[in-house]
Amino acid sequence: MFRNEFKPLNDLLFEGHKLLTKSFLIFGFFLVVLAGLIFMFPAIIGMLFGIFIFLAGLFVLVAGYYFWQTKDG
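This one's a predicted model, so the numbers in the text were calculated from it and none came from an experiment.

Here's the deal with the overall build of the protein
Counting its secondary structure elements, the protein contains two helices and zero strands. The buried share among the 73 residues of the protein stands at 3%. For the protein, the exposed area adds up to about 7000 Å²; of that, 77% sits on carbon and sulfur atoms.

Comments concerning the packing of aromatic side chains
Going through the model one piece at a time under the given rule, you end up with four aromatic pairs. When the ring of Phe30 is compared with that of Phe52, the centres are 6.1 Å apart and the planes differ by 10°; the resulting orientation is stacked. Here the residue Phe30 occupies a position in helix H1 (residues 12–40), and Phe52 occupies one in helix H2 (residues 45–72), the gap between them amounting to 22 residues. When its relative accessible area of 24% is taken as the criterion, Phe52 is described as partly exposed.

Examining a nonpolar patch on the surface
A cluster of nonpolar residues, Met47, Ile51, Phe54, Leu55, Leu58, Leu61 and Val62, forms a patch on the protein surface that exposes about 680 Å² of accessible area. Along the chain, the position of Phe54 falls in helix H2. Classification of Phe54 as exposed rests on a relative accessible area of 55%.

Calculation criteria
Residues numbered from 1 in each chain as written. Predicted model: local features only at pLDDT ≥ 70, side-chain atom pairs only at ≥ 80, totals over all residues. Heavy atoms only, no water. Helix = DSSP H or I, 4+ residues; strand = E, 2+ residues; numbered from the N terminus. Buried < 20%, exposed > 50% of the residue type's maximum accessible area, 1.4 Å probe, protein only. Areas by Shrake-Rupley, 256 points an atom, 1.4 Å probe, with all protein chains shown as cover. Phe/Tyr/Trp six-rings, centres within 6.5 Å; stacked < 30°, edge-to-face > 60°. Patch = residues over 30% accessible without salt bridge, like charges linked within 9 Å, V, L, I, M, F, W, Y side chains within 5 Å. Salt bridge = Lys/Arg side-chain N within 4 Å of Asp/Glu carboxyl O.

Quick look at the structure:
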């Protein structure tokens, strides 16, 4: 019945939505793993918080590089 379903493969909004969805899924998985590690090993909360800050900074750097590359294209 719906054979000719619209699939915007090259649409910028679709690509942004796909990236945002993947980012939320990865971030949610990371938070669940982090919570499990904190419950198992409460002595390393400070180290895990430092790792979280490091990974957040790395994510922002990668996002900034991505936006910088899209400006030149």
